[in-house]
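Summary of structural features
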Amino acid sequence: MKLSYKLFLSYVFVVLVALLVLAIATAFVAPANFAQQMTHMQGNGAGMMGQHIVELEAELQVGFQDAVNNALILAGIAAILTAMGVSWFVSQRIINPIRSLVVLSQRIANGHYEQRLQLDTRDELGELVDSFNRMTQSLANTEAMRVQLLGDVSHELKTPLASIKGYMEALQDGVLPVTPETFQLIHQEADRLQRLVDDLQQLSRTEAGQVSMNIQTHKPDEIVQAVIERMRPQFHEKGIQLHVDVPQTLPEVRADRDRTAQVLTNLIGNALQYTASGGEVRVTALSEHGFVRFSVTDTGCGLAATDLDRVFQRFYRVDKSRSRASGGSGIGLTLAKHLIEAQGGDISVTSAGLGKGSQFTFTLPTV
């Protein structure tokens with residue numbers, strides 16, 4: 001029941017209780033007072049036999065009024081006390097959960113995200129408690145992701161730094177020769193470190209909404225073909241068949257061409273990396289319900305059901321044994337998700353299971 005209905009019914013209930021107590025009290029008090037007044041009048045009536053009936057009626061009316069007034073005073077006091085008790089009970093039922101929310105919010109503000117509030121009601125207060133508990137869980141998840149992010153960043157930075165330090169110590173000890181090849185190895189590690197920092201910076205700006213989007217109208221086939229032409233030699237070199245099915249008749253999309261090309265490059269590059277020689281990668285696009293849906297399907301290693309909801313998380317890798325050198329930074333899909341959503345689309349992934357390939361799909365709004 002809605003809280004507004006409960007409050008209304010509680011007021012009606014208080015009024016009814018007050019009226020009931022008033023009626024009961026009056027029913028008990030009024031007759032007794034009236035009988036007392038009548039007895040008093042009868043005592044005085046013996047000497048009034050010769051007086052006029054009008055005077056008797058006047059005294060009778062005064063006696064009745066006094067009896068009713070006394071009854072109403074006593075009944076009113078009882079009704080007020082009862083109404084106050086009922087109102088206090090109803091108000092406590094409403095205020096206690098709010099007080100608990102205040103105390104719980106203070107504990108959460110101090111970092112105790114494990115706190116939850118239980119309230120078995122189906123009114124607005126119950127909805128408020130449910131929303132509060134969901135917010136608390138979201139804060140707990142965010143804090144856990146922050147801690148994990150710090151650990152992941154530290155780990156990712158540690159690997160190239162350790163390599164650079166190792167090369168430098170080997171040069172100092174004379175273990176490695178001072179040759180251009182040695183310096184090239186150090187430069188590669190420094191370059192890997194620089195790419196990671198650049199990726200993190202771009203992801204941070206994208207998540208904060210600080211990346212400007214140059215939204216214009218573009219033909220989907222032109223965006224896809226530009227990416228395909230750059231990457232086709234890599235497919236040929238690895239022996240993977242690349243199929244493209246993007247009709248020229250598709251409606252134009254409202255998108256940032258460079259950002260969309262960046263997302264496509266990431267998805268197609270992942271398909272190329274995780275598909276063995278002799279496999280296939282298919283890039284398609286079709287129009288549906290005011291959007292153009294782009295899909296990148298491969299016959300590669302596939303994804304387990306537990307990985308489907310996590311591949312877009314920062315630094316998450318399906319194959320934990322892969323290093324940054326072979327498995328990327330682990331934030332490419334996270335960045336792709338933010339870039340697509342910033343353009344008004346969405347991105348998702350499906351897979352039949354490990355070894356059965358996967359399909360990444362994203363949408364962009366049409367003109």
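Computed from a prediction, not measured in an experiment: that's the story for all the values here.

Once that is clear, we can look at the environment of P251. Inspection of the secondary structure assignment puts P251 in the loop between strand 2 (241–245) and strand 3 (253–255). Judged by its relative accessible area of 33%, P251 falls in the partly exposed class. Sequence-distant contacts of P251, that is, excluding residues within four places in its chain, are made with P220, S287, V292 and T366.

Averaged over every residue, the pLDDT of the protein chain is 80; the share at 70 or more is 77%. Mean pLDDT values for the elements of the protein chain range from 46 in helix 7 (residues 324–327) up to 96 in strand 5 (residues 291–298). This stretch, residues 46–50, has a pLDDT under 50; its non-local contacts, to residues over four places away or in other chains, come to one contact. Counted against residues more than four places away or in other chains, residues 320–327, with its pLDDT under 50, gives 18 contacts.

One pass over the structure, following the stated rule, counts two aromatic pairs. Centroid distance F294 to F362: 4.9 Å. Interplanar angle 10°. Geometry classified as stacked. Separated by 68 residues along the polypeptide, F294 in strand 5 and F362 in strand 7 (residues 358–365) bring together distant segments of the chain. Here F294 matches F362 in class, with each residue buried.

Turning our attention to the pairing of strand 4 (residues 280–288). Two strands pair when backbone bridges link them, and strand 2 and strand 4 are joined in this way by five bridges, in the parallel orientation. Following the sheet pairing, D245 is matched in strand 4 by T284. Relative to strand 5, strand 4 runs antiparallel, the two sharing eight bridges. Bridge assignment links R282 to a residue of strand 5, and that residue is T297. Between the end of strand 4 and the start of strand 5, which pair antiparallel, lie two residues, with H289 showing a positive phi angle near 50°.

Right, let's talk about a nonpolar patch on the surface for a bit. Nonpolar side chains collect at one region of the surface, where I73, I77, I80, L81 and M84 lie side by side and expose about 530 Å² of accessible area between them. If you trace the backbone, I73 turns up in helix 2 (residues 53–109).

Across all of its chains, the model carries three salt bridges by this definition. Across the pair E222 and R257 runs a salt bridge whose closest N-O atoms are separated by 4.0 Å. Here E222, found in helix 5 (residues 220–238), pairs with R257, found in helix 6 (residues 257–273); they are 35 residues apart in sequence, far enough to count as distant. When its relative accessible area of 39% is taken as the criterion, E222 is described as partly exposed.

Our focus in this paragraph is the nonpolar core. With 43 residues, the main nonpolar core has F235, L267, I268, V296, F360 and F362 as its most contacted residues. At seven residues, the largest contribution of residues to this core is made by helix 6. Mapped onto the domain boundaries, this core takes at least three residues apiece from domain 2 (144–208) and domain 3 (216–365). Excluding residues that lie within four positions of it along the chain, F360 makes contacts with L267, F294, S295, V296, L303, V311, F312, L333, S348 and V349. Membership of the second largest hydrophobic core comes to six residues, among which are L101, I108, L117 and V129.

If you want to describe how two helices pack, look at the angle between their axes and the distance between the axes. It is at 10 Å that the axes of helix 3 (residues 124–173) and helix 4 (residues 180–207) come closest, and there the two elements cross at 160°. One way to sum up the angle between helix 3 and helix 4 is to call them roughly antiparallel. The two elements helix 3 and helix 4 cross, and the hand of that crossing is left-handed. Here V153, E156, L157, P160, L161, S163, I164, Y167, M168 and L171 of helix 3 come into contact with helix 4, specifically with T182, F183, L185, I186, E189, A190, L193, L196, V197 and L200.

Definitions and limits used
- Residues numbered from 1 in each chain as written.
- Predicted model: local features only at pLDDT ≥ 70, side-chain atom pairs only at ≥ 80, totals over all residues.
- Heavy atoms only, no water.
- Helix = DSSP H or I, 4+ residues; strand = E, 2+ residues; numbered from the N terminus.
- Buried < 20%, exposed > 50% of the residue type's maximum accessible area, 1.4 Å probe, protein only.
- Contact = heavy atoms within 4.5 Å.
- pLDDT = per-residue confidence, 0-100.
- Phe/Tyr/Trp six-rings, centres within 6.5 Å; stacked < 30°, edge-to-face > 60°.
- Pairing = 2+ DSSP bridges.
- Patch = residues over 30% accessible without salt bridge, like charges linked within 9 Å, V, L, I, M, F, W, Y side chains within 5 Å.
- Areas by Shrake-Rupley, 256 points an atom, 1.4 Å probe, with all protein chains shown as cover.
- Salt bridge = Lys/Arg side-chain N within 4 Å of Asp/Glu carboxyl O.
- Core = buried A, V, L, I, M, F, W, Y, C linked by side-chain atoms within 4.5 Å.
- Domains from an automatic or database assignment.
- Axes fitted to C-alpha atoms, helices over the stretch in contact; angles between N-to-C directions.
- Parallel < 35°, antiparallel > 145°, perpendicular 65-115°, else oblique.
- Left-handed = near helix turned anticlockwise from the far one by under 90°.

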